[in-house]
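Report on the structure
One-letter residues, chain by chain:
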Amino acid sequence: MQRFKEDFLWGGALAANQSEGAYLKDGKGPSIIDILPVGAPRKRGLKDPLQALEQTYDYYPSHQSIDFYHHYKEDIKLLAELGIKCLRTSISWPRIFPNGDELEPNEAGLQFYDAVFDECLNYKIELIVTINHFDTPLYLATEYGGWQSKQLVGFYKRYCETIFKRYQGKVNYWITFNEINMILRNPFLAGGLIDTEKGERQNHIFQAAHHQLLASAEATKVAKEIDPNMQIGCMLAAGSVYSYTCNPKDVQAAIERTREQYFFIDVQVNGTYPYFAQRYFEQHDIQLSISKEDADLLAKHTVDFVAFSYYTSRLETSDSELRKNLIEGNAMASVRNPYLKDAGWGRQIDPLGFRITINEIYQRYQLPLFVVENGLGAEDEFVEGQIHDYYRIDYFSQHIKQMAEAVKDGVELIGYTTWGCIDLISAGTGEMKKRYGFIYVDLDNEGKGSRKRYKKDSFSWYQKVIATNGADV
Ligand code: BG6
């Protein structure tokens, strides 16, 4: 039996907000991520963005980042040498509409992506583009209250029309929102919400998510009108939720966590809120304003594929004592799993969980899947121009083997893009030392370094994986 189909899209993933830098360059406006510093104050800022807005920090990692804006030719050349068949990246919304609510786009911003996409296409690298990856224009957050305002649906629609028309024929795969369920844990980064600590937190989050779902449906509608061949995907931060024990109370707790994970994807795939939504809203005192037009829009414009990130599985319990001691996960806290190895930064490594997760998503949706993030954030040692990252090779080797098992199970997978194929700024901590790439960038947590690129040992390893279509892992 064939493991990966001939046109399987092996690749790497980046996001504008974590790689481009070039803050306010060529007409770009500030985005929500641009007010966040590095380390512990960043965590405070994510929880309380109003306080971050009022402060001035010495260093903002997104302002220069790895400066992909000026290094894109060199970086894409290296990625082409790596052999990638596709690149997942994102467009910075405030580079195109600096405040977000303008009527006309910023031509210089559009030209930058013309150049990046053309460069990729010259190397026959297929593009997968995320429309909104943690960088809603800051102005929309401060002046409109972020995605809580329904007006953002219209602004996002205009942004989509602009980029779909401009990059028609160049970009075939679009992802409407990065990790849409992240809004439940990180309402500022994912939804531009700045006052969710006060009062009706849950209500605001779900109303904002509802607006994103409308925006996603609008994007699908507009894309199909412009070019029916465009493939529109939704995306979730995935990771199966295991029950801590066989105690039915634990199983129920795990089911409830699982429902939260799929809540919004259920809408994007099925066109309607899931059967358990009503009870969930009642229990959490959530009153959504959903009009008949909203319901029709959601029903008519569902997605073509389901994309997801996978870093680890999660573990849930009904025991309130155990729940006091959670590990951070990928912003989704979890009980520590005693069967898994720790990977640092509150994550555990679960390759078999990858196969389990892929199957779980496919069973639920029966749509083509795209793994658009997977990887190991680790501290690399740079010795005389070399980086021996055997731990990263081990991580990927184990995960790709499990992905192959999922394909053998019968899952339809479009492709696989590893997160941060070039080292970039961590979204959660703002650090550089939490590195994911096959390509090392000489830059530290304080923004010091030459930004020179170096190939790690994992570079030639992944090159071989791609060249053999996953046979040599
Ligand atoms: C995902 C995000 O949640 O995880 C990325 O889509 C992020 O933007 C990635 O970078 C890894 O998380 P972190 O916090 O290590 O950067």
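Structure first, text after, so check above.
So, here's what we can say about the structure. Keep in mind the model is a prediction, meaning the values are calculated, not measured.

Counting its regular elements, the chain contains 17 helices and 16 strands. A globule of 473 residues ought to have a C-alpha radius of gyration of about 23 Å, and the chain, at 21 Å, matches this closely. Taking the principal axes of the C-alpha coordinates as reference, the chain spans close to 60 × 55 × 45 Å. Counting all 473 residues of the chain, 61% fall into the buried class. Within the chain, contacts between residues separated by at least 24 positions form 76% of all contacts whose residues are at least 6 apart in sequence. Carbon and sulfur atoms make up 48% of the accessible area of the chain, which totals about 18200 Å².

The next thing to look at is the site of the ligand. Taken together, 16 residues form the shell around the ligand, and within it Glu179, Glu373, Ala427, Lys434 and Tyr436 come nearest. Here an oxygen atom of the ligand and a side-chain polar atom of Ser426 are 3.3 Å apart. Ala427 places a main-chain nitrogen or oxygen 2.7 Å from an oxygen atom of the ligand. For the ligand, the accessible surface in isolation is 380 Å², of which the surrounding protein chains cover 96%. Within the shell around the ligand, the residues separate by chemical class into six nonpolar, six polar and four charged.

Turning to the pairing of strand 5 (residues 231-238), a few remarks are in order. A regular strand places its side chains on the two faces of the sheet in alternate fashion. Where burial is concerned, most of strand 5 is hidden: seven out of the eight residues are buried. Sheet topology note: the strand 4 (residues 173-175)/strand 5 ladder contains three bridges and is parallel. The residue bridging Tyr173 from the neighbouring strand is Gln231, located in strand 5. In this sheet, strand 7 (residues 305-310) lies alongside strand 5 in parallel orientation, the contact comprising six bridges. The residue of strand 7 that forms the bridge with Ala238 is Tyr310.

Along helix 2 (residues 40-47), the positions that sit buried rather than exposed are Arg42, Gly45 and Leu46. Around the axis of helix 2, the buried residues are gathered within 100 degrees of arc, so they sit on the same side. Tucked into the core, helix 2 has its buried residues touching helix 3 (49-54), helix 4 (61-64) and helix 10 (187-191).

Another aspect to go through is the state of the cysteines. In a disulfide, the sulfur atoms of two cysteines are held together by a covalent bond. This model, assessed by the stated rule, comprises zero disulfides. As a non-bridged cysteine, Cys86 has Cys421 as the owner of its nearest cysteine sulfur, 9.4 Å distant. Owing to a relative accessible area of 0%, Cys86 belongs among the buried residues under this scheme. Cys421 sits in the buried class, given a relative accessible area of 0%.

Consider a sheet: its strands pair through backbone hydrogen bonds, and that pairing is either parallel or antiparallel. Judged by pairing direction, the barrel is parallel, and its eight strands sit side by side in the order 1-2-3-4-5-7-13-14 before closing back on the first. Each adjacent strand pair in this sheet contributes to an overall mean axis angle of 25 degrees, direction not counted. Of the strands in this sheet, strand 2 (86-90) and strand 3 (126-130) are in contact with helix 7 (residues 107-122), which crosses strand 3 at around 145 degrees. Here helix 15 (residues 351-365) sits on the sheet in contact with strand 5, strand 7, strand 13 (369-373) and strand 14 (413-419), set at roughly 155 degrees to strand 7.

Cut-offs used in this document
- Residues numbered from 1 in each chain as written.
- Predicted model: local features only at pLDDT ≥ 70, side-chain atom pairs only at ≥ 80, totals over all residues.
- Heavy atoms only, no water.
- Helix = DSSP H or I, 4+ residues; strand = E, 2+ residues; numbered from the N terminus.
- Rg over C-alpha atoms; globule rule 2.2 N^0.38 Å.
- Buried < 20%, exposed > 50% of the residue type's maximum accessible area, 1.4 Å probe, protein only.
- Contact = heavy atoms within 4.5 Å.
- Areas by Shrake-Rupley, 256 points an atom, 1.4 Å probe, with all protein chains shown as cover.
- Near = heavy atom within 4 Å.
- Polar contact = N/O pair within 3.5 Å; in protein donor to acceptor, adjacent residues only side chain to side chain.
- Nonpolar A, V, L, I, M, F, W, Y, C, P; charged D, E, K, R; others polar.
- Pairing = 2+ DSSP bridges.
- Arc of directions from axis to C-beta.
- Disulfide = S-S within 2.5 Å.
- Axes fitted to C-alpha atoms, helices over the stretch in contact; angles between N-to-C directions.

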